[in-house]
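For reference, the chains in residue letters:
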Amino acid sequence: MLAKHLSTYTNMPFWLADTSYDRTFQTTPRYQMPTKVDICIVGGGFTGMSAAITLARAGMKVAVLEAGRMGEGASSRNGGLLGPSFSKLGVDGLERQYGRENVHTSIRESLTAFNWLVDFIREEKIDCDLNLCGRFRGASHPSHYAGLIQQAEELSKVVDFPAIEVPKSRQHEEVGSNAYHGGVVYPTDGALQPAKLYAGLAQIAVSEGAYLCEHTKVRNVDKQVSGFNVVYDGGQLQADQVIIATNGYTDGQFSEFKRRLIPIRSAMIATEELPESVVQSVSPKLRAHGGTERLVAYYRPSPDGKRILFGGRAFGRGDQPQLYSKYLQDFMIRTFPQLSETKIDYAWSGLIAYTFDHVPHIGKLDNLHYAMGYCGSGVGRANYFGRKIAQQVLQLAEGKTAFDEFPFKGRPLYYGTPWFLPAIMKWHDFADRQGW
Ligand SMILES: Cc1cc2nc3c(=O)[nH]c(=O)nc-3n(C[C@H](O)[C@H](O)[C@H](O)COP(=O)(O)OP(=O)(O)OC[C@H]3O[C@@H](n4cnc5c(N)ncnc54)[C@H](O)[C@@H]3O)c2cc1C
């Protein structure tokens, strides 16, 4: 069944239209921008803001330079699903490359990262609708169910992370769809309102004395005898150290990072407000959800429980809501035929960054500190890695992470334009249809 309504949606993240969202933090006016700082952070998303808080609290003079509006990248555009993101690690392949013990340490640290963010939000009293609602991951093909159970069992040998097996006969307790063949519930995963989390972090960073400079795209970073000269649109500043926190938006001026990242566009739609019974017919326990497809879809109720937010891959170059909104709406209706009459109010997209080994990377390259490559799972990771890279800049022992052990590699003849993606997407689409 295909969408009947090609809705007159608004092309902006639902999160920014949410009536409980308030962008109260103060940015630095151009005439007050510093000319000399201890640390300059390029990119004002979760990574940059988390690093800024840690550094400012340690007494450093910090400026965050953001090309667009503060938080305009993926950090205010994502689905707000929060978990340790184990399934993104590609554990078997990683073990072959980096050894079992390193990989197990990184799995344990992924859980630490998730727990740290939950504690941080609570301790700082950030109002971001954090809800540890749990997540149902459905087997999108009969052959995937056994793999899901096995994956949960393997993980339980490494970390204390509960998972509940849900056979197909009982899946309607978790999801109002026949599109799955059983699944697993991760009862401790969560969901939050990402733009509210971002605004809360920015507020803390400002109150700790960080300079948040928007519409200041960095054009060049020059290493000098001592420190760096950072040239941005309309000015320049001196910094002792620089952190690159540009993730999926990494551009040509940082070519050594760009060639190690695969930028992928990810998109979301938000339905119109629905009766409670309809939202519960999709997600009876108001959990976060996803499937085992290669071209993955993820979805959740809005924090007020009135809408369904549905996300997945986008198509075409740039932001083309006319393409991805229809694709996502059709995907949603195939999964939930009860939404065939539902209108779409918002459609938006943003850029994520994959890496060739499917793990995020953190460290120092060409004298520049960096943290990036969260492979589409960055709500917890970007916040945690932002803090860790700041601790590394401060040369603190707690800045060490298991991920330091994984070398950040590109591929020969790849310079950051993923010409191969359309072919890979087609292959994944074909494999999804076969249930591979
Ligand atoms: C549609 C969508 C849905 C997602 N859903 C989820 C989810 O449910 N759960 C989850 O865990 N993750 C999700 N993610 C991923 C998550 O949002 C990201 O991994 C995370 O926000 C990355 O944070 P960041 O700070 O590293 O990068 P970003 O928030 O992307 O910030 C990077 C910033 O760098 C700026 N920049 C780039 N170049 C320059 C320059 N030269 N000068 C100055 N500034 C520059 C950009 O303008 C941008 O604002 C999703 C992403 C998208 C797009």
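In short, a report on the structure. A quick note: this is a predicted structure, and the numbers were derived from the prediction, not measured.

Conventions used here
- Residues numbered from 1 in each chain as written.
- Predicted model: local features only at pLDDT ≥ 70, side-chain atom pairs only at ≥ 80, totals over all residues.
- Heavy atoms only, no water.
- Helix = DSSP H or I, 4+ residues; strand = E, 2+ residues; numbered from the N terminus.
- Buried < 20%, exposed > 50% of the residue type's maximum accessible area, 1.4 Å probe, protein only.
- Contact = heavy atoms within 4.5 Å.
- Pairing = 2+ DSSP bridges.
- Axes fitted to C-alpha atoms, helices over the stretch in contact; angles between N-to-C directions.

1. Some remarks on the environment of Tyr-186
With respect to the element layout, Tyr-186 can be found in strand β6 (residues 183–186). Relative accessible area serves as the criterion here: at 4%, Tyr-186 is assigned to the buried category. Considering only alpha carbons, one finds Tyr-186 and Phe-136, 50 residues apart in sequence, at a separation of 6.4 Å. For Tyr-186, the contacting residues outside a window of four places in its chain are Gly-134, Arg-135, Arg-137, Gln-151, Ala-152, Phe-161, Pro-162 and Ala-163.

2. Considering the sheet that holds strand β13 (residues 288–291)
Here we have 8 strands laid out as an open sheet, ordered β5-β6-β4-β13-β14-β15-β12-β16, and mixed in their pairing. Each edge of the sheet is formed by a strand with only one pairing partner; in this case those strands are β5 (164–166) and β16 (344–355). Strand-to-strand twist in this sheet, taken as the mean axis angle between neighbours without regard to direction, amounts to 20°. In terms of strand pairing, strand β4 (residues 135–138) meets β13 through 4 bridges, oriented parallel. Following the sheet pairing, Arg-137 is matched in β13 by Gly-290. In the packing of helix α5 (residues 144–158) onto the sheet, the strands contacted are β4, β5 and β6, and the crossing angle to β6 comes to about 30°. Across the sheet, helix α9 (residues 321–335) lies against β12 (261–271), β14 (298–301), β15 (308–313) and β16, angled at about 65° from β12, the strand it touches most.

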